[in-house]
Amino acid sequence: LPDTDPDFFTDNQIINLDVSSANKNYGEANIVDPAKSSLSELVYKFLSLIKEGPPEKEAAVLLLSGIVSATNGFRRRSSSADTLLAASELVRLGATLAEAHARAAQADPIGLTQLLGRASVRSRVDEGKSILWSFVTGEDFEKTGRTKEDMPRVLEHLDAAYPPHRISAALWQDRSGDAIRATLSGDRKILETIETAGTGEFQSPYLKLSASFSSFKEAEEAITSLLGETL
């Protein structure tokens, strides 16, 4: 990131910050860095370059909470030396890990926690192919009051809760009776191969498959076949 100053905000009306390599650079100013562990880490790096001074304690706590949540307590591979450095600097500004963990825990409403539990119950790992499967029904969304917009959070939870695997495949049904859709996370090269073939689209940072399926069984078989070409 280049050195900047407060005029940056008035000179650029749309500032696009992201950590996804699939970002379309839609802003007047685009600050996109896939090497960062989280948007919170990128925001901190950006703010630290503004000459007006570092963020106040409350902002430091929120940023550290975002980093802790996105990295699952620095246990994910996305955590780097820069991630740990950003965290240590935020602690110097007054944030604490205890506060950060507490804020991260408060961020999940009860309905989302219930949805994550339902997704966990209907999950299994194919050890041979290193695929984690999870199934979310339309009834799951209806009973918990959540929506398909929570599927990235479901994948994040599954990746944190289960042992390492190459691909996580979340199969979901928006409403009872709807077709089955699928969102994948995991090995970036595999996901990029699928996207390049035109069968999926990245939705920062997960890959949503273009196809829909009439049943969970059909979806699982089709995805197993698709992944068989890349695993």
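Residues numbered from 1 in each chain as written. Predicted model: local features only at pLDDT ≥ 70, side-chain atom pairs only at ≥ 80, totals over all residues. Heavy atoms only, no water.

A. Fine view of the nonpolar core. One finds Trp 133, Leu 171, Leu 184, Ile 194, Leu 209, Ile 223 and Leu 227 to be the most contacted residues of the largest nonpolar core, which totals 19 residues. For this core, the secondary structure elements donating two or more residues are strand 4 (131-136), strand 5 (167-173), strand 6 (180-186), helix 9 (188-196), strand 8 (206-209) and helix 10 (216-228). For Leu 227, the residues in contact, after removing those within four places along its chain, are Ile 131, Ile 167, Ile 190 and Ile 194. (Core = buried A, V, L, I, M, F, W, Y, C linked by side-chain atoms within 4.5 Å. Buried < 20%, exposed > 50% of the residue type's maximum accessible area, 1.4 Å probe, protein only. Helix = DSSP H or I, 4+ residues; strand = E, 2+ residues; numbered from the N terminus. Contact = heavy atoms within 4.5 Å.)

B. Examining the packing of helix 6 (residues 110-121) against helix 8 (residues 151-161) more closely. Contact geometry for helix 6 and helix 8: axes closest at 10 Å, N-to-C directions at 60°. Here helix 8 runs oblique to helix 6, going by the angle between their axes. Every pair of crossing elements has a handedness; the one defined by helix 6 and helix 8 is right-handed. Note on element contacts: helix 8 touches helix 6 through Arg 153, Val 154, His 157 and Leu 158, opposite Leu 112, Leu 115, Leu 116, Ala 119 and Ser 120. (Axes fitted to C-alpha atoms, helices over the stretch in contact; angles between N-to-C directions. Parallel < 35°, antiparallel > 145°, perpendicular 65-115°, else oblique. Left-handed = near helix turned anticlockwise from the far one by under 90°.)

C. Region of interest: the sheet that holds strand 7 (residues 200-203). Spatial ordering of the open sheet is given by 3-4-5-6-8-7, a layout of 6 strands whose pairing is mixed. Two strands bound the open sheet, and with one partner strand each, they are strand 3 (123-126) and strand 7. Strand after strand, the sheet turns through a mean of 25° between neighbouring axes, direction not considered. Of the strand pairs in this sheet, strand 5 and strand 6 are connected by 7 bridges, and their pairing is antiparallel. When the bridges of strand 6 are listed, Trp 172 appears paired with Arg 181. (Pairing = 2+ DSSP bridges.)

D. How the structure looks around the pattern of salt bridges. Following the criterion strictly, the structure yields 9 salt bridges and no others. Put simply, Glu 220 and Arg 124 hold a salt bridge, and the shortest N to O gap is 2.2 Å. Placement of the pair is Glu 220 in helix 10 and Arg 124 in strand 3, with a sequence separation of 96 residues. Judged by relative accessible area, which is 18%, Glu 220 ranks as buried. Across the pair Asp 187 and Arg 166 runs a salt bridge whose closest N-O atoms are separated by 3.4 Å. Here Asp 187 is found in the loop between strand 6 and helix 9, whereas its partner Arg 166 is found in the loop between helix 8 and strand 5, with 21 residues between them in sequence. What makes Asp 187 partly exposed here is its relative accessible area of 25%. Because the salt bridges share partners, they merge into one network encompassing Arg 118, Arg 122 and Asp 140. (Salt bridge = Lys/Arg side-chain N within 4 Å of Asp/Glu carboxyl O.)

E. Local environment of the pairing of strand 3. The pairing of strand 3 with strand 4 spans 4 bridges and is classified as antiparallel. From the neighbouring strand, Arg 124 faces strand 4, where its bridge partner is Trp 133. What sits between the antiparallel neighbours strand 3 and strand 4 is a turn of 4 residues, in which Ser 130 has the positive phi angle 60°.

F. The arrangement of the packing of aromatic side chains in detail. Throughout the structure, instances matching the rule amount to 1 aromatic pair. Between Phe 135 and Phe 216, the aromatic rings sit 5.7 Å apart at their centres with planes inclined by 85°, giving edge-to-face as the arrangement. Of this pair, Phe 135 sits in strand 4 while Phe 216 is found in helix 10, placing the two residues 81 residues apart along the sequence. (Phe/Tyr/Trp six-rings, centres within 6.5 Å; stacked < 30°, edge-to-face > 60°.)

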